[in-house]
Structures are given as C-alpha cells and as structure tokens.
Amino acid sequence: MNIKELDQTYIAGTYKRFPVEIVSGKGSIVQDENGKEYIDMGSGIAVTSFGIADDAWISAVEQQIHQVQHMSNLYYTAPCAMLAEKLCTRTGMKKVFFGNSGAEANECAIKVARKWAAEHKGVECSTIITLENSFHGRTLTTLAATGQAHYHELFQPLTPGFVHIPAGDLDALRRICEDRKTAAILIECIQGEGGIIPLSREYTDALSAYTKENNILLMIDEVQTGNGRTGKLYSYMHYGLKPDVLTTAKGLAGGLPLGACLMSEKVADVLSIGDHGSTFGGNPVACAAALSVLSRLTDVFLDEVDAKGKLLRSLLENQDGILSVSGMGLMLGLQTEKPAGQVVQAAMENGVLCLTAKNKVRLLPALNIPEPLLRKAAGIIKEACSVAN
Ligand SMILES: *Cc1c(COP(=O)(O)O)cnc(C)c1O
C-alpha cells in the first residue's frame, strides 16, 4: 500500500485530507511526494511560526534533545521555568501551567475559573459564558465551551455549565449574569475557526468593564491569535484588555506540541498541589522551541508582521471575486464569490496551500514569510478567487 492507502486504511476517519502528501520543506515552501512545490499559507494551522525546518528553531530543539528530551514534573528543568518567566514578563501574568495543546490550555482555564469561583463566590457560581460561533477545542469540556452546535450533536452529554451568547450582545450577557452564578467569560478576540471574525473594540471595552464590575473572570483564548500572529504578541493587546486568564498553544513552540494557561494575580494562587497535571506538559524540548520562538518575537519583528499583513490585505482587497478581507496581521479571512473550498483547490493546483474557516478562505502564513513569496502567493490566490475567467 502507498501512504495514502495506509492512512485511509489505518487512521481513524476524522480528517478530510487533500490528495497530497507533504514530505519536506524549508521556510514557507513545502514539497509533496512528486517534488511539486507549494507556498505554505497555512503554517500547519498557525503552528509553524517561523516556517518549516527553520535553522534557529532546529538548533534550539536539537540542543535540548541532546541534553534531556523529557523529565517528569517531579523535578525542575530549565526550559519550562525560563519560558514561564518570559511569558509572564511579556504579558504581566503571574503563573503558567503548561499542557500540550489548545484544548488542554482551555481545560486548565476552565478548572481555574471553577475553583476560583467556588472559593470566592460560592460553589453554585459555575457558569462559564462563551460566544456563539467560537471554537475552544475538541475535548468534551472544551467542546461544551465551543459555541457551534454542529460539533456537539452526537457527543451528548457534554460537560454542563456552559452558556453561549451572541458576540456583541450586551443584553444577553446581562440576562445570563442576572442569577449571579457566572464564574467567567471566555472569548477569542478574533474568532479563528468561526471565520476570522474580530470582536469590535466597543464590545470588548464593555465586556471588560462588565466583568470587572461583576467580579467575573475575563478569559482570553489566544490559541490561534497568539504568539505574534496578529502583529502583536497576543491579540488582546490590540484591544487594551487585561485578561484574568490567557490560553495559548498552536504557534507557541513553532511546531512542537505545547499549550499554556497564564494566570493573572487575581487567580495566581487558585491551583495548588494535586489540582492539575500533565505528563508531557512543560516538556523541555517543546519549551526550548518556544523560548526560541518568543525570543524572536521582538517589537521590530512584530511591526514587520503587521506590515506584511497590511501588504497581503492590500494585494487582495477589492480584487475580482473577493468580497471582503477580515482579520489582523497575518491572520486573514477572505469572503469570496466562489465557494471557499473551490478557491483553496484552485490555489493548491497552482502551488499555494491555503485553509478555509467556515465559508472563508483563511490565510495564516509563517510570520517570517519573505515578501516576494507573499506577493507571489497573493497573485495565485487572487487568480483562484477571480470569477472573470
Ligand atoms: C485550534 C484552537 C483550539 C484547540 O487547540 P488544539 O491544540 O487543537 O487542542 C482552541 N481554541 C482556538 C481558538 C483554536 O484556534
């Protein structure tokens, strides 16, 4: 059997794959089994922050692999302590819990919210509000947090205590909170899987004020938007928010599994010994990779991400077949006249890998994609969107 047949025979059928096998790559170029090259505008879904097989990333990982590739959380290791310190100093948060994925980072946030509320507001205060059209993960609890019914249908009963409200609807928020049983609200500043939909500044200002006044935790899911993706270290920084809890994963370690739940002063002491854990969480190789990624996300570099995002947007906005461009930095969504899937297919045939998100074409290139490649990819995407020919 060839690779496609092996995969189709032995891998659980949860993914609809394109008929392409990716065998290697460098930077923003990947190669398939026939040697055909593609410009990668998806980065493994916002994961390979500095592209494929990046030299600095490889050297950080390699150095740590030779030193110690894993150690249990019974002992101290340098990379995870140093990474936690970096994450805290750059966000003003006070404590970090490391897991291996976005879903685990959100699970931790939810446990923090539940325990904090039980101790400070009463055990009946367990409600966690999330937004309609949100995405927070695939575990049964993060699925319950996810505000998209089609993910829920066949997996009932989900973890109770989650309520979904429409983004922008402050009356709905007030109505839910009337019973004073709300522990936290969890939001994405830009809904990623939901179609690259940014919240309005007006709404986040109001949310921030409301959560403060009512002693409700504001938790921000930066799994997709984080680690430089939007042109700032975390997307909440565009909004002037002060999260009580922040979760991140995807691009954090640039291609190794790592998730983090960051806790502010207010909740820093909620988790105590035995409350939570993870065998692989804080793995030294993943943390060494993340230290390398974070060290490169300087202000100058983030300004370049912002500039590249603006360039990409300008190359696609008002083009034939493209109705609108949403998002920030190098996280953009295209509303196209053709179905998004058809655009992605056409772009792939012409050597560009893109993603979809709901009915949008989603672009998440490596943060260091060279400008000529970005221009070339934009040209091919533009062509794929065009309805003139
Ligand atoms: C991808 C994603 C998750 C889930 O992350 P996994 O690593 O797949 O568990 C959670 N929240 C958001 C916003 C995401 O984009």
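For the structure itself, consult the block above.
Here the structure is a predicted model, which is why all the values come from computation and not from measurement.

S.K.: Residue-level account of the sheet that holds strand 4 (residues 95-99), with values.
M.R.: Sheet strands associate in pairs through backbone hydrogen bonding, adopting either a parallel or an antiparallel arrangement. Spatial ordering of the open sheet is given by 4-12-11-10-7-5-6, a layout of seven strands whose pairing is mixed. Where the open sheet ends on each side, the last strands, each with one partner, are strand 4 and strand 6 (162-165). Taken over all neighbouring pairs, the strand axes of this sheet differ in orientation by 20 degrees on average, direction set aside. Direction of pairing for strand 5 (residues 127-131) relative to strand 7 (residues 182-187): parallel, over a ladder of four bridges. Looking at the pairing, isoleucine 128 lines up with alanine 184 of strand 7. Against the sheet, helix 4 (residues 78-91) makes contact with strand 4, strand 11 (245-248) and strand 12 (259-263), and its axis sits at roughly 130 degrees relative to strand 4, the strand it touches most.

S.K.: An account of the layout of surface pockets is requested, with residue identities and associated values reported.
M.R.: In this structure, the second largest pocket spans a volume of roughly 890 Å³. Lining the second largest pocket we find 27 residues, and of these Asn73, Val96, Phe97, Phe98 and His276 sit closest to its centre. The element contributing the most residues to the lining of the second largest pocket is helix 4, with five residues. A class-by-class count of the residues in the lining of the second largest pocket yields 14 nonpolar, nine polar and four charged.

S.K.: Hey, could you go over the pairing of strand 6 for me, with residue numbers and the actual values?
M.R.: Pairing of strand 5 with strand 6 involves four bridges; the strand directions are parallel. Bridge pairing in strand 6 links isoleucine 128 to phenylalanine 162. Considered for its hand, the β-α-β crossover made up of strand 5, helix 6 (residues 140-145) and strand 6 is right-handed.

S.K.: Could you give me a rundown of empty space enclosed by the protein, with the residues and numbers involved?
M.R.: A water-sized probe, rolled over the atoms, reveals where empty space remains. A complete count under the given rule lists one cavity of 30 Å³ or more for this structure. Contributing to the lining of the largest cavity are Phe50, Gly51, Asp54, Trp57, Gly254, Val293 and Arg296.

S.K.: Can you lay out the environment of tyrosine 76 for me, pointing to particular residues and giving the numbers?
M.R.: The residue tyrosine 76 is located in the loop between helix 3 (55-67) and helix 4 in this model. Judged by its relative accessible area of 85%, tyrosine 76 is exposed. Between the C-alpha atoms of tyrosine 76 and glutamate 21, which are 55 residues apart in sequence, the distance is 39 Å.

S.K.: Outline the site of the ligand, supporting the account with residue identities and numerical values.
M.R.: The local shell around the ligand consists of Ser101, Gly102, Ala103, Asn106, Phe135, His136, Gly137, Glu188, Asp221, Val223, Gln224 and Lys250. Between the ligand and the protein, one listed contact pairs an oxygen atom with a backbone N or O atom of alanine 103 at 2.8 Å. Phenylalanine 135 is positioned such that a nitrogen or oxygen atom in its backbone is 3.2 Å from a nitrogen atom of the ligand. Summarising the interface, the protein chains cover 82% of the accessible area of the ligand, which totals 380 Å² for the free molecule. Element by element, the count of residues in the shell around the ligand is highest for helix 5 (residues 102-120), at three residues.

S.K.: For helix 3, give the residues involved together with the corresponding values.
M.R.: The end-to-end C-alpha distance of helix 3 is 18 Å, a good match for the 18 Å that 13 residues give at a rise of 1.5 Å each. Those residues of helix 3 lying buried are Trp57, Ala60, Val61 and Gln64. Take helix 3 and look down its axis: the buried residues cluster within an arc of 90 degrees, on one side only. Summarising the geometry of helix 3, the exposed residues directed more than 90 degrees from the buried face are Asp55, Gln63 and His66. Buried-residue contacts for helix 3 involve helix 4 and helix 10 (284-296). Among the residues of helix 3, the N-terminal cap falls to aspartate 54, whose side-chain oxygen and the backbone nitrogen of alanine 56 are separated by 3.3 Å.

S.K.: Report on the packing of helix 12 (residues 340-349) against helix 13 (residues 371-385), specifying residues and quantitative values.
M.R.: It is at 8 Å that the axes of helix 12 and helix 13 come closest, and there the two elements cross at 130 degrees. In terms of axis orientation, helix 12 runs oblique to helix 13. As for how helix 12 packs across helix 13, the hand of that crossing is right-handed. For the pair helix 12 and helix 13, the contacting residues are Val343, Ala346 and Ala347 in the first and Ile380, Ala384 and Cys385 in the second.

Each value, and the rule that gives it
- Residues numbered from 1 in each chain as written.
- Predicted model: local features only at pLDDT ≥ 70, side-chain atom pairs only at ≥ 80, totals over all residues.
- Heavy atoms only, no water.
- Pairing = 2+ DSSP bridges.
- Helix = DSSP H or I, 4+ residues; strand = E, 2+ residues; numbered from the N terminus.
- Axes fitted to C-alpha atoms, helices over the stretch in contact; angles between N-to-C directions.
- Contact = heavy atoms within 4.5 Å.
- 1 Å grid on protein atoms, 1.4 Å probe; cavity = no way out; pocket = protein on both sides within 12 Å on 5 of 7 lines; lining within 4 Å.
- Points joined across faces, edges and corners; volume = space filled by probe spheres on them.
- Nonpolar A, V, L, I, M, F, W, Y, C, P; charged D, E, K, R; others polar.
- Right-handed = clockwise from strand over helix to strand, strands pointing away.
- Buried < 20%, exposed > 50% of the residue type's maximum accessible area, 1.4 Å probe, protein only.
- Near = heavy atom within 4 Å.
- Polar contact = N/O pair within 3.5 Å; in protein donor to acceptor, adjacent residues only side chain to side chain.
- Areas by Shrake-Rupley, 256 points an atom, 1.4 Å probe, with all protein chains shown as cover.
- Expected span 1.5 Å × (residues − 1).
- Arc of directions from axis to C-beta.
- Parallel < 35°, antiparallel > 145°, perpendicular 65-115°, else oblique.
- Left-handed = near helix turned anticlockwise from the far one by under 90°.

Bear in mind that shape data such as this cannot, by itself, settle questions of function.
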